[in-house]
Amino acid sequence: MAVLLKRLLHPRRPPAALGRPLGRREASLDTHAGAAVRVRFAPSPTGFLHLGGLRTALYNYIFAKKHRGSFILRLEDTDQTRLVPGAAENIEDMLEWAACVVGIPPDESPRRGGPAGPYLQSQRLALYAQATEALLKSGAAYPCFCSPQRLELLKREALRNRQTPRYDNRCRSLSEAQVAQKLAKDPKPAIRFHLEGEAPAFQDLVYGWNRHEVASVEGDPVILKSDGFPTYHLACVVDDHHMGISHVLRGSEWLVSTSKHLLLYQALGWQPPRFAHLPLLLNRDGSKLSKRQGDIFLEHFAAAGFLPDALLDIITSCGSGFAENQMGRTLPELITQFDLTRVTCHSALLDLEKLPEFNRAPRFELCEEAGTPRFCFVNSGACRGQAGSSEEGGGPGERPWRAEGRADLRHPPLCSSRKVSFFKPHPLPWGRRWSGLEMPAAGRSLGFPGRLHLRRLVSDETQRRQLVGKLQALVEEAFGSQLQDRHVLDAAYVERIILLRQGHICRLQDLVSPAHSYLWTRPAVGRAQLGAVSEKVDVIAKRVLGKDLL
């Protein structure tokens, strides 16, 4: 660093772009027609992956696949003081967990590799040094020798005066001789970017036209720290350029910083990507999702038995950007429906209390209207039609949906009792087996095949075998020595339990709860408890068991 700075000492020139200045058309971030779409998810491993990060990753993935592009995972680990051990591995592990069912694996990543690697910023320091050298040569950057103590005093003074803390750009005006003198004492100064001139306007794909005059409200930012590691501002610009990123989809908290990044692009003579800033994902009470919340990390939901599909479903259903807002969408449906122009500027409120409903299959009931029995999905929404109406998707005499077939849930006729009917008026042979299912009496619930995610897994033979293995492990862990009959762990029995109870549970863990313990263990009831039920317990026991109770 010291050698570089000494070589660069020369009369100061005002900052100028290394290439031609960006025009108004380029400032709008138009990309070249026909260019490949490449997007990136670039979390910092200062914590484990949580729902906010998953939402950003999902939107990037969906956008890339809709435009037949590439989805890149890049880990921004340049803040070495805040790294959390295991966080980098956890981020990719959780994306692969989400990918195991619904499929959002990155095309390029630290683990998978790729043509634009390495994908850890700590392994790309030479690129940041090259960009810094170019900025120093052009006069767009300068060394800063201010001590941490001085910077802290500036911050305290601003806060005391109720002002926004900012650097006073003191080292910007140092002469060549002063820089040489200070380099002799401090050969590894920080490097700051010279904020000067009007920030270019840009058209954000979500928030529209923006311009933030950062030079008038901020001090010159540090772009390279004294330890040789870049700050976010330089690293993201350099990496997005060298990785060929065409679109940057990131949280709206970076909207204000985009003007600063555009000035860096301009100073380096590079074409910037297009930007789309996504509104924040907030808690139900409007507070910001925080890494300090232990229940928002993906590993918490994975351990609790929630399905990746359900998490992707709930974070897209509470947000915007889709042609329809509905539960139970598959990833191909999300890709088809996604439209970046539909993303609104309003923050999305996440109600995790509804997550179990996204994880389970729908519940169906029998109801009778106008004397005609119908199978209905319990729904809290308003009805679209009346019983017996002839709507798209089925008319009089249409073959009813059967258990072994595939339901078309897009245009089901509704009955007036606020339940979605999956049957046209059709006489059913009550009390007999029909289509492989036993019909219950009217008003009884039935775990019927539906669209949501647990049902999808059960209906797939390969996935169902995996569920059987997981449930066997859960039963062994929950009951262990209490299993009087080890045959309850047989795969055939466990599979039958899953098939029979799928419409009544939200997670596999529900099947080992106390309410379902009867499936695995024999109930142990004491003599005193039986005596409280009936005074004739001894007589009953002798007749049933053929012997007296002890």
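Residues numbered from 1 in each chain as written. Predicted model: local features only at pLDDT ≥ 70, side-chain atom pairs only at ≥ 80, totals over all residues. Heavy atoms only, no water.

A. Representation of the packing of helix α16 (residues 461-479) against helix α17 (residues 491-501) in the model. Where α16 contacts α17, the axes come no closer than 9 Å and their chain directions differ by 105°. In terms of their interaxial angle, α16 and α17 are classed as roughly perpendicular. Contact with α16, carried on its side by Arg-464, Leu-467, Val-468, Leu-471 and Gln-472, involves Ala-491, Val-494, Glu-495, Ile-498 and Leu-499 of α17 and no other residues of that element. (Axes fitted to C-alpha atoms, helices over the stretch in contact; angles between N-to-C directions. Helix = DSSP H or I, 4+ residues; strand = E, 2+ residues; numbered from the N terminus. Parallel < 35°, antiparallel > 145°, perpendicular 65-115°, else oblique. Contact = heavy atoms within 4.5 Å.)

B. Representation of the pattern of salt bridges. In total, this model carries 19 salt bridges according to the counting rule given. With its nearest N and O atoms 3.5 Å apart, the salt bridge here joins Lys-137 to Glu-133. Of this pair, Lys-137 and Glu-133 both sit in helix α5 (residues 125-138), 4 residues apart, which is roughly one turn of that helix. The exposure class assigned to Lys-137 is partly exposed, which follows from its relative accessible area of 41%. Exposure remark for Glu-133: the relative accessible area of 21% places this residue in the partly exposed category. The partner of Glu-461 in a salt bridge is Arg-465, with the nearest N and O atoms 3.3 Å apart. In this pair, Glu-461 and Arg-465 both sit in helix α16, 4 residues apart, roughly one turn of the helix. Counted as one network, the salt bridges with shared partners bring together Arg-40, Arg-74, Glu-76, Arg-124, Asp-239 and Asp-240. (Salt bridge = Lys/Arg side-chain N within 4 Å of Asp/Glu carboxyl O. Buried < 20%, exposed > 50% of the residue type's maximum accessible area, 1.4 Å probe, protein only.)

C. Spatial organisation of the side chain of Asp-77. Here Asp-77 is to be found in the loop between β2 (70-73) and α4 (87-99). The charged side chain of Asp-77 is buried without a salt bridge, its nearest counter-charge being Arg-124 at 8.8 Å. Only 2.6 Å separates the side chain of Asp-77 from the side chain of Ser-122, close enough to count as a polar contact. Asp-77 has contacts with Pro-45, Leu-83, Leu-120, Gln-121 and Ser-122, leaving out every residue within four places of it along the chain. (Lys, Arg positive; Asp, Glu negative; His and termini not counted. Polar contact = N/O pair within 3.5 Å; in protein donor to acceptor, adjacent residues only side chain to side chain.)

D. Fine view of the nonpolar core. The biggest cluster of nonpolar side chains holds 48 residues, and the ones touching the most others in it are Leu-51, Leu-54, Ile-62, Ile-104, Ile-315, Leu-331 and Phe-338. With 9 residues, helix α3 (residues 51-66) is the largest single contributor of residues to this core. The contact partners of Leu-51, leaving out residues within four places of it in the chain, are Leu-281, Leu-289, Ile-296, Leu-298, Phe-301, Leu-311, Leu-350 and Leu-352. Residues Ile-72, Ala-140, Phe-193 and Phe-275 belong to the second largest nonpolar core, which totals 35 residues. (Core = buried A, V, L, I, M, F, W, Y, C linked by side-chain atoms within 4.5 Å.)

E. Spatial organisation of the packing of aromatic side chains. A complete count under the given rule lists 7 aromatic pairs for this structure. Each residue in the set Tyr-59, Phe-322 and Phe-338 is aromatic and connected to the rest through ring pairs, giving one cluster. Between Arg-55 and the ring centre of Tyr-59, over which it is positioned, the NZ or CZ distance is 5.5 Å. A cation sits over an aromatic face here: Arg-192 above Tyr-167, 3.6 Å from the ring centre. (Phe/Tyr/Trp six-rings, centres within 6.5 Å; stacked < 30°, edge-to-face > 60°. Lys NZ or Arg CZ within 6 Å of the ring centre and 35° of its normal.)

F. Structural detail: the pairing of strand β9 (residues 274-278). Along β9, 5 of the 5 residues are buried, which leaves the element largely enclosed by surrounding structure. Taking every second residue as pointing to the same face, both faces of β9 are buried, with Arg-274, Ala-276 and Leu-278 on one and Phe-275 and His-277 on the other. Crossover connection from strand β8 (residues 247-251) via helix α10 (residues 258-268) to parallel β9: handedness right-handed. (Right-handed = clockwise from strand over helix to strand, strands pointing away.)

Scope: geometric values only; no functional claims are made or implied.
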